[in-house]
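What follows is each chain in one-letter form.
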Amino acid sequence: MDVGELLNYQPDRGAKRPRGEEDGGAGGDEDSRGGKQLKGMSARELARYREVAGAEGGAEMRETEELIGDKKIILEKLMDQDAEEPEAELVDESSVKKMILTFEKRSYKNQELRIKFPDNPEKFMESELDLNDIIQEMHVIATMPDLYHLLVELNAVHSLLGLLSHENTDVAIAVVDLLQELTDIDTLHESEDGAEVLIDALLEGQVVALLVQNMERLDEQVKEEADGIYNTLAIIENMAEFRPGMCTEAAQQGLMQWLLKRIKAKMPFDANKLYCSEILAILLQNNDNTRELLGEMDGIDVLLQQLSVFKRHNPSTAEEQEMMENLFDALCSCLMLPSNRDRFLRGEGLQLMNLMLREKKMSRTSALKVLDHGMIGPEGTDNCHKFVDILGLRTIFPLFMKTPKKMRKTGVSEREHEEHVCSIIASMLRNLKSQQRSRLLSKFTENDCEKVDRLMELHFKYLEAVQQADKRIEGEKHEMVRRGEILDDSMEDEFYLRRLDAGLFVLQLICYIMVEISNSGIPQLQQRVHQILNLRGGSVKVVRHIMREYAESIGDGKSDEFKEAERKRIMDLADNF
């Protein structure tokens, strides 16, 4: 009921007297007088008034009084509630200190009673309920991140962390709920200083190790405990977002092992499994330490086993699809580390990805991305050779010849698909030797060089898109100079990103494939490339310029010797084009 309904509520008093029996106007006057008299009365005065009125008789008066009295009592209750609420919401330094002191006392009392009467729950149960109540009350501190320093100064963080291993899992879960609210990312950003102090104290107290130990003993068949695990993962996500540097430490404190165990557990798919996949992907982002740790724990095999389910079946829900994407992202991150490429090869990851490409399910898009990550650079040489051995060329070239329509349905752009396919072919041209290289090049001569025709079609498509973007950027630069604005590095970076969005990187890969096959020693290929280039008004000079730009941007994170050798190799190919 809302306030209006409450005020209009009339209790059922049975059948009223027929209208004919009323005293006419006199009764009305009495009612109005009674109404005036009742205004401003307290509940006690109203009760006394009722008694007097009852003694004097007048059933109609009594009925009116009761009705007005009911309304008055409801109004008073609502006003009392309104008066109480601001007091409850008032949070200042002294009230937080008082709350923390109460919490410490109740925590100590509960601990004392548990030690004194370990086999008699009745003796300590009440203190446990009191402890739970104060933990619930402390949620109000999450509205005042400026006061987080009090939690640290008064040692409450240490006490809360201690309660994560409390014998009663309900208490531990209550602490998890509180920590989850305290570390809510929006709240943390409200007060950077308060947040820093809290996160420092939590990490110093090895919060992740304690949270993992607590999760180990929780039973996900019990809804409250499953929720406890979900909220624990939320704490870790909040902290990782606020301080990405804590990911290595978190992974080493048992989190990585627990996540892998939970992901491969034979349990029905649920929100917790989805969240685990998300946290795993976060831990592996831009972090070679966690990637190495996952590799050492046979995590590559775990990821491949979990993904193999989607080889012949599409995810049944949007949530399951999200989990699949998270696991693929985690695998791509792992493959950035050279030592994991070998583990991927030994775990028959190439065979699984190749099957996914053939099966034409949702997983195909991501499998393509994984192959790209696994074969790129000199570290991908073994994977490139193996891919040819398992007849991967038969799978990749149909995808090169035609972008599947289903790809677009899965939310992957045409450019993204073509980028991955061209990158895989470019990696193979760079890494393959002897017989496998010959097999790759012979693919370009098949069916009257149809692959070269497709390559040149893509070249002009992306060249036009990049040239249009360059034209727009040049116009903007002239406009900025005219207004007297300075073109700083950040603006130049933004313009470069816009060129990449227009398809610059794909264009560079296509030109690289063009110069590679033209220098392959097969005259047929070189003639076809130049023939189409001349026919459509293309220019060797433009291709060389694109290759020069590509050579300059190559080899991030690689040694200087490698960068120099690779640049020289690319420029030699371009000069001989």
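The model shown is predicted, which means the values in this text are computed figures rather than measured ones.

Engineer: Mind laying out the overall build of the chain, listing which residues take part and the relevant values?
Structural biologist: Of the regular secondary structure elements, the chain holds 31 helices and zero strands. Across the 577 residues of the chain, 45% fall into the buried class. When contacts within the chain are restricted to residue pairs at least 6 apart in sequence, long-range pairs at least 24 apart make up 76% of them. For the chain, the accessible surface area stands at approximately 30,000 Å², while carbon and sulfur atoms represent 49% of it.

Engineer: Can you break down the nonpolar core residue by residue, with the values?
Structural biologist: Counting 151 residues, the largest nonpolar core has Leu-255, Leu-280, Leu-331, Met-353, Met-428 and Ile-517 as the members making the most contacts within it. In terms of residues, this core owes the most to one element, helix α26 (residues 434–482), which gives twelve residues. Setting aside chain neighbours within four positions, we find Met-353 in contact with Leu-304, Phe-328, Leu-331, Phe-344, Ala-367, Val-370 and Leu-371.

Engineer: Can you lay out helix α5 (residues 93–116) for me, pointing to particular residues and giving the numbers?
Structural biologist: Counted at 1.5 Å a residue, the expected span for α5 with its 24 residues is 34 Å, and the 35 Å between its end C-alpha atoms agrees. Taken together, the buried positions of α5 are occupied by Val-96, Met-99, Ile-100, Phe-103, Ser-107, Asn-110, Leu-113 and Arg-114. Contact partners of the buried residues in α5: α6 (121–137), α7 (148–153) and α8 (156–163).

Engineer: Residue-level account of the packing of aromatic side chains, with values.
Structural biologist: Under the criterion given, the structure shown has four aromatic pairs. Aromatic side chains Tyr-230 and Tyr-275 sit 4.7 Å apart centroid to centroid with 55° between the ring planes, which places their arrangement in the tilted category. In this pair, Tyr-230 sits in helix α13 (residues 223–242) while Tyr-275 sits in helix α15 (residues 271–284), placing the two residues 45 residues apart along the sequence. For Tyr-275, a relative accessible area of 7% corresponds to the buried category. In textbook terms, an aromatic cluster arises when at least three aromatic residues are bridged by ring pairs, as seen for Phe-397, Phe-400 and Phe-444.

Engineer: For the packing of helix α12 (residues 207–217) against helix α14 (residues 247–264), give the residues involved together with the corresponding values.
Structural biologist: Close contact between α12 and α14 brings their axes to 8 Å; oriented N to C, the two are set at 25°. Taken together, the axes of α12 and α14 lie roughly parallel to each other. The way α12 lies across α14 gives a crossing that is left-handed. Along its contact with α12, which presents Val-208, Ala-209, Val-212, Met-215 and Glu-216, the element α14 presents Ala-250, Gln-253, Gly-254, Leu-255, Trp-258 and Lys-261. Class assignment of the residues belonging to the contact of α12 with α14 gives a composition of seven nonpolar, two polar and two charged.

Engineer: Outline the confidence of the model for the chain, supporting the account with residue identities and numerical values.
Structural biologist: Across the chain, pLDDT averages 86, with 83% of residues at or above 70. Long-range and interchain partners of residues 84–88, a stretch whose pLDDT sits below 50, account for zero contacts in this model, where long-range means more than four residues apart.

Engineer: Which residues make up the pattern of salt bridges, and what values do they have?
Structural biologist: Any two side chains of opposite charge can pair, on the condition that their charged atoms come close. Under the definition given, this model contains 35 salt bridges. Where Lys-97 meets Glu-93, a salt bridge forms, and the shortest distance between an N and an O atom there is 3.7 Å. Of this pair, Lys-97 and Glu-93 both sit in helix α5, separated by four residues, roughly a single helical turn. Put simply, Arg-262 and Asp-270 hold a salt bridge, and the shortest N to O gap is 3.0 Å. Here Asp-270 falls in the partly exposed class, since its relative accessible area comes to 27%. Counted as one network, the salt bridges with shared partners bring together Glu-414, Glu-418, Arg-454, Glu-457 and Lys-461.

Engineer: Tell me about a negative patch on the surface, and name the residues and values.
Structural biologist: Together, Asp-146, Asp-186, Glu-190, Glu-192, Asp-193 and Glu-241 line one region of the surface with negative charge. Elements with a contribution of two residues or more to the negative patch: α10 (185–190) and α11 (192–204). Here Asp-186 is to be found in helix α10. Note on Asp-186: relative accessible area 56%, which makes it exposed.

Engineer: Can you tell me about the side chain of His-459, naming the residues and giving the values?
Structural biologist: The residue His-459 is located in helix α26 in this model. His-459 sits in the buried class, given a relative accessible area of 1%. Look past the residues within four positions of His-459 in its chain and what remains in contact with it is Leu-507, Ile-510, Cys-511, Met-514, Leu-533 and Val-543.

Engineer: Now, about the environment of Asp-133: what can you tell me, with residues and values included?
Structural biologist: Topologically, Asp-133 is positioned in helix α6. In this structure, the C-alpha to C-alpha distance between Asp-133 and Arg-106, residues 27 residues apart in sequence, is 9.8 Å.

The rules we used
- Residue indices begin from 1 for each chain and proceed along its sequence in written order.
- Per-residue local features are limited, in this predicted model, to residues with pLDDT of at least 70; the limit for side-chain atom pairs, both in listing and counting, is 80 or more; totals at the level of whole chains, interfaces and linings are taken over all residues.
- Side-chain descriptors were evaluated using all non-hydrogen atoms of the structure, hydrogens and water having been removed beforehand.
- Numbering of helices and strands runs from the N terminus, with a helix taken as a DSSP run of H or I at least four residues long and a strand as a DSSP run of E at least two residues long.
- Throughout, exposure labels follow a simple rule: accessible area from a 1.4 Å probe, protein chains only, divided by the maximum for the residue type, with under 20% read as buried, over 50% as exposed, and the rest as partly exposed.
- Whether two residues are in contact is decided by their heavy atoms, any of which lying within 4.5 Å being enough.
- Computed with the Shrake-Rupley method and a 1.4 Å probe, the accessible areas treat only the protein chains shown as cover for residues.
- The term nonpolar core refers to a set of buried residues drawn from Ala, Val, Leu, Ile, Met, Phe, Trp, Tyr and Cys, joined through side-chain atoms within 4.5 Å.
- For a helix, the expected span equals 1.5 Å multiplied by the number of residues minus one.
- A pair of aromatic rings is counted whenever rings of Phe, Tyr or Trp (Trp by its six-membered ring) have centres within 6.5 Å, and the orientation is called stacked for planes under 30 degrees apart, edge-to-face for over 60 and tilted otherwise.
- Axis angles are defined between N-to-C directions and span 0 to 180 degrees, where every axis is a line fitted to C-alpha atoms and, for a helix, only to the segment in contact.
- Angular relationships are summarised with four words: roughly parallel below 35 degrees, roughly antiparallel beyond 145, roughly perpendicular across 65 to 115, and oblique for the angles in between.
- A clockwise turn of the near helix away from the far one marks a right-handed crossing, whereas an anticlockwise turn of less than a right angle marks a left-handed crossing.
- Gly counts as polar in this scheme, as do all residues outside two lists: the nonpolar Ala, Val, Leu, Ile, Met, Phe, Trp, Tyr, Cys and Pro, and the charged Asp, Glu, Lys and Arg.
- Confidence of the predictor at the level of single residues is captured by pLDDT, which takes values from 0 to 100.
- By salt bridge we mean one thing: a side-chain nitrogen of Lys or Arg within 4 Å of a carboxyl oxygen of Asp or Glu.
- Nonpolar side chains (Val, Leu, Ile, Met, Phe, Trp, Tyr) are joined into patches within 5 Å and like charges within 9 Å, using only residues with over 30% relative accessible area and no salt bridge.
- Charge assignment in this entry is limited to Lys and Arg as positive and Asp and Glu as negative, and neither His nor the chain termini are counted.
- Charged groups are reduced to one reference atom each: NZ for lysine, CZ for arginine, CG for aspartic acid, CD for glutamic acid.

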